[in-house]
Amino acid sequence: EADIYQTPRYLVIGTGKKITLECSQTMGHDKMYWYQQDPGMELHLIHYSYGVNSTEKGDLSSESTVSRIRTEHFPLTLESARPSHTSQYLCASSLGGRGTEAFFGQGTRLTVV
Amino acid sequence: GQQLNQSPQSMFIQEGEDVSMNCTSSSIFNTWLWYKQDPGEGPVLLIALYKAGELTSNGRLTAQFGITRKDSFLNISASIPSDVGIYFCAGLSYNTDKLIFGTGTRLQVFP
C-alpha cells in the first residue's frame, strides 16, 4: 500500500483566493509529480521534482507553483484562484532513477466559484 | 511533447468476457506502467513492465511491453463488475525522465 497523502480531499473556494494543496509521502521517494485531471479525462503533468530544491514544469502550462524543501513534502500553490483552475489535482511519487513505478495520492478536487 | 494514444476509448462488455486494450506512441519508452482509476480516486498501479518483449501477469491481468518499445498491451480475462473503471497506460523515457499518461480506456461491465 502506497503511503502518499493529499489534503484536502475537497476544496471549494472563491475567486482570487490563495490556496495551497498539500502532498506528503513517507516512502523516502526522490521523485514527486503533480498532475491535473478533469473528470474522466487524461492526466496532464504540470510539475515534477527530482529531489530537494529541484522543481521542473511539466507538459501542461499551469499558473500554479511548487516547492520541494523537504524530501517528503511537495506542496502546490495557486496565488489567485480562478474558475478555470477547477479540476482534480493528483500527486504521485517514485523512487527515481530508471524504471521505477509511481504511486498516487487520492487527489484533491478543487472547485473555484 | 510525447503522446500516448490508447484504444479503444471506451468498452462496454458483459461479465465473463475477456478485454484487450493497447497503448501506442511515436516515441520509445523504457518503462511501461498500467493503472486503474475509480471515480474520485487516484490511479492505482496494476502492472509494471521494464524490458522490451516482457510479458507480466497480475491475477486476471496480463500486460506486455512491445518489442519496438513504442507500445504496450493489457488484457483482462473473465471480467467481473469490479473491473469497471478507467485504465491508463503510462510511459517513462530515460531521455526526459517524465512519466507521461495515455488518454485512457473506459471500461463498463454489465452483469
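Residues numbered from 1 in each chain as written. Chains lettered and ligands numbered in written order. Predicted model: local features only at pLDDT ≥ 70, side-chain atom pairs only at ≥ 80, totals over all residues. Heavy atoms only, no water.

A.B. asks: Can you explain the packing of aromatic side chains? Please cite residues and give values.
C.D. replies: Scanning the model with the defined rule gives 11 aromatic pairs over all chains in all. Here Y48 of chain A and Y50 of chain A contribute two aromatic rings whose centre-to-centre distance is 5.6 Å and whose plane-to-plane angle is 85 degrees, an arrangement assigned as edge-to-face. Judged by its relative accessible area of 6%, Y48 of chain A falls in the buried class. Owing to a relative accessible area of 34%, Y50 of chain A belongs among the partly exposed residues under this scheme. Taken together through their ring pairs, the aromatic side chains of Y33, Y35 and F104 of chain A together with Y35, F88 and F101 of chain B make up a single cluster. Across the ring face of F74 of chain A, the terminal group of R68 of chain A is positioned such that the distance to the ring centre comes to 5.8 Å. (Phe/Tyr/Trp six-rings, centres within 6.5 Å; stacked < 30°, edge-to-face > 60°. Buried < 20%, exposed > 50% of the residue type's maximum accessible area, 1.4 Å probe, protein only. Lys NZ or Arg CZ within 6 Å of the ring centre and 35° of its normal.)

A.B. asks: Residues and numbers for the pattern of salt bridges, please.
C.D. replies: Applying the stated criterion to the full structure yields seven salt bridges over all chains. Of the charged contacts in the structure, one is a salt bridge between E63 of chain A and R82 of chain A, with a shortest N-O distance of 2.7 Å. In this pair, E63 of chain A is assigned in the loop between β6 (56-57) and β7 (65-66) and R82 of chain A in the loop between β8 (76-78) and β9 (87-94), connecting sequence segments 19 residues apart. Among the residues examined, R82 of chain A registers a relative accessible area of 36% and is labelled partly exposed. The residue D38 of chain B makes a salt bridge to K36 of chain B at a minimum N-O spacing of 2.7 Å. K36 of chain B gets classed as buried once you look at its relative accessible area, which sits at 13%. (Salt bridge = Lys/Arg side-chain N within 4 Å of Asp/Glu carboxyl O. Helix = DSSP H or I, 4+ residues; strand = E, 2+ residues; numbered from the N terminus.)

A.B. asks: Summarise the environment of W34 of chain B; cite the residues concerned and give the values.
C.D. replies: Residue and element names in this part refer to chain B. Examined against the element boundaries, W34 turns out to sit in strand β4 (residues 31-37). Overall, W34 belongs to the buried group, its relative accessible area being 0%. Separated by 48 residues in sequence, W34 and S82 have C-alpha atoms that sit 17 Å apart.

A.B. asks: Could you give an account of the side chain of R68 of chain A, with specific residues and numbers?
C.D. replies: Residue and element names in this part refer to chain A. Inspection of the secondary structure puts R68 in the loop between β7 and β8. Despite its burial, R68 pairs with no opposite charge, the nearest such side chain being D30 at 5.6 Å. Engagement of the side chain of R68 in a polar contact is seen with the side chain of S49, the distance being 2.7 Å. (Lys, Arg positive; Asp, Glu negative; His and termini not counted. Polar contact = N/O pair within 3.5 Å; in protein donor to acceptor, adjacent residues only side chain to side chain.)

A.B. asks: Describe the interface of chain A and chain B, naming the residues involved and giving the relevant values.
C.D. replies: Facing the 25 residues of chain A at the interface are 24 residues of chain B. Viewed at the interface, chain B and chain A are joined by two salt bridges. At the junction of chain A and chain B, the tally comes to eight residue pairs in polar contact (both at pLDDT 80 or more). Within the residue set of the side of chain A that touches chain B, elements represented by two or more residues are β4 (31-37), β5 (44-49), β9 and β10 (103-104) of chain A. Counting residues per element, the side of chain A that touches chain B draws most heavily on β4 of chain A, at four residues. Here the side of chain A that touches chain B is built from residues that sort into 11 nonpolar, eight polar and six charged. (Contact = heavy atoms within 4.5 Å. Nonpolar A, V, L, I, M, F, W, Y, C, P; charged D, E, K, R; others polar.)

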